[in-house]
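Fold and geometry: a report
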Amino acid sequence: MLQLSRCAYYYQAKKQPDDEIKASLLVLAEQYSRYGFKKLLRLLKRQGKLWNHKRVYRVYCSLILNLRKKPKKRLPSREAKPLQQARGLNSCWSLDYMSDALQKGKRFRTANVIDDCNRECLSIEVAVSLPAKRITRWLDNVAALHGHPAKLRVDNAPENIAKSMQAWARQHHIELLYIQPGKPAQNAYIERFNRSYREEVLDMYLFDSIEQVQQLTDRWLEHYNNHRPHEALGHLAPIEFRQQLPIAC
C-alpha cells in the first residue's frame, strides 16, 4: 500500500561502538600532541585501521582534540608610499626592531631609530622585552636630544600598532607612516642600517649579558655616526653630512 520495499522497511542500521576509535585516537593524541586530524588519520591507516574518515572525524571532534588555530590579526590596508630622501633633519625617522641571543641562549631585542636625512642612528635600545610603552619613553628620551620628528616610518609590528604608540604620536603631532605588510623594502633606510649593525656587531661577538650588548653597541654607534663613510652621503659620515646641511634644515 505504501509502495515501500520490504528490505528497506525492516532494515535497522547497525550501530558500531566507537570505543576502539576513541582509545586509538587518545593514545596517538597523547603521543603526538601537536598533530592535527589529518596526521592522526594517516597514522591510523598505517596501523591497518580501515575506519571511514568521516566516522573518525566525528569521534575526533567529540573528544575535543581539535587544535586551536590562532586567528590571524587583521591589519588595515596600507598604501605604498614612495621612499624619498628627507630634505631636512627630523623631517622623517625610521624605526625597526631586531633580535639575537646571548651566549647562554637567552633572547634579546633591539630597537633602532635613524634620521632619514643623514642616516644618523639616533639611538639603539637593547632589552629582553620592548613593549610599546617602553618604546615611547625611549623615543621621548631620544627626542629630548634631537627634537621630535614630523614623521615616523614603521612596520606593522605589535609595538607600532599599539594604542599607546598611536596616542604618543598624536600627542607630539607625529605622522606614523606604516609600510605595507611583507614589504620591508618600503623601509629600506633602516633595513640597510640593520644589515650593517648585524654584520659588524651582532654577528661579530658572543655576548654574555645585555649590558655588554649595549656597551658594544654604543661604542660602534660612535664610530658609525662620526667616522664610517656612507656611500649614499657621498662617502661622508652622518655627522659630517649633517654639518654640511643648510641651517634651515
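Higher on the page you've got the structure.
Let us look at the structure shown here. (Residues numbered from 1 in each chain as written. Predicted model: local features only at pLDDT ≥ 70, side-chain atom pairs only at ≥ 80, totals over all residues. Heavy atoms only, no water.)

Considering helix α7 (residues 163–171)
Here α7 has its buried residues at Met165, Trp168 and Ala169. Relative to the axis of α7, the buried residues are bounded by an arc of 100 degrees and lie together on one face. Opposite the buried face of α7, by more than 90 degrees, sit the exposed residues Lys163, Arg170 and Gln171. Looking at the buried residues of α7, the elements they touch are β1 (93–101), α5 (132–146), β4 (151–154), α6 (158–161) and β5 (175–178). Downstream of α7 by a residue or two, histidine 173 has a phi angle that is positive, lying close to 55 degrees. (Buried < 20%, exposed > 50% of the residue type's maximum accessible area, 1.4 Å probe, protein only. Helix = DSSP H or I, 4+ residues; strand = E, 2+ residues; numbered from the N terminus. Arc of directions from axis to C-beta. Contact = heavy atoms within 4.5 Å.)

Examining the sheet that holds β1
Pairing is mixed in the open sheet, where 5 strands are placed in the order β3-β2-β1-β4-β5. Since the sheet does not close on itself, it has two edges, and those belong to β3 (121–127) and β5, each with one partner. Each neighbouring strand pair of the sheet contributes to a mean axis angle of 25 degrees, computed without reference to strand direction. Pairing analysis gives 4 bridges linking β4 to β5, with the strands arranged parallel. Paired with leucine 152 across the bridge in β5 is leucine 176. (Pairing = 2+ DSSP bridges. Axes fitted to C-alpha atoms, helices over the stretch in contact; angles between N-to-C directions.)

Here we look at the pattern of salt bridges
Within the structure shown, the criterion is met by 10 salt bridges. Measuring nitrogen to oxygen at the nearest pair gives 2.6 Å for the salt bridge that ties glutamate 159 to arginine 109. Taken as a pair, glutamate 159 in helix α6 and arginine 109 in strand β2 (residues 107–115) lie far apart in primary sequence, 50 residues in all. When the shortest N-O distance is used, the salt bridge between aspartate 116 and arginine 153 registers 2.7 Å. Note that aspartate 116 is positioned in the loop between β2 and β3 and arginine 153 in strand β4, a separation of 37 residues in sequence. (Salt bridge = Lys/Arg side-chain N within 4 Å of Asp/Glu carboxyl O.)

Describing α5
When the terminal C-alpha atoms of α5 are compared, their 21 Å separation across 15 residues agrees well with the 21 Å that a helix rising 1.5 Å per residue should span. Residues of α5 that are buried include every one of Ala132, Ile135, Thr136, Trp138, Leu139, Val142 and Ala143, and no others. Mapping the buried residues of α5 onto a view down its axis gives an arc of 165 degrees, with all of them on the same face. Turned more than 90 degrees away from the buried face of α5 sit Lys133, Arg137, Asn141, Ala144 and Leu145, all of them exposed. Here the buried face of α5 lies against β1, β2, β3, β4, α6 and α7. Backbone geometry just downstream of α5 places glycine 147 in the positive-phi region, at approximately 90 degrees. (Expected span 1.5 Å × (residues − 1).)

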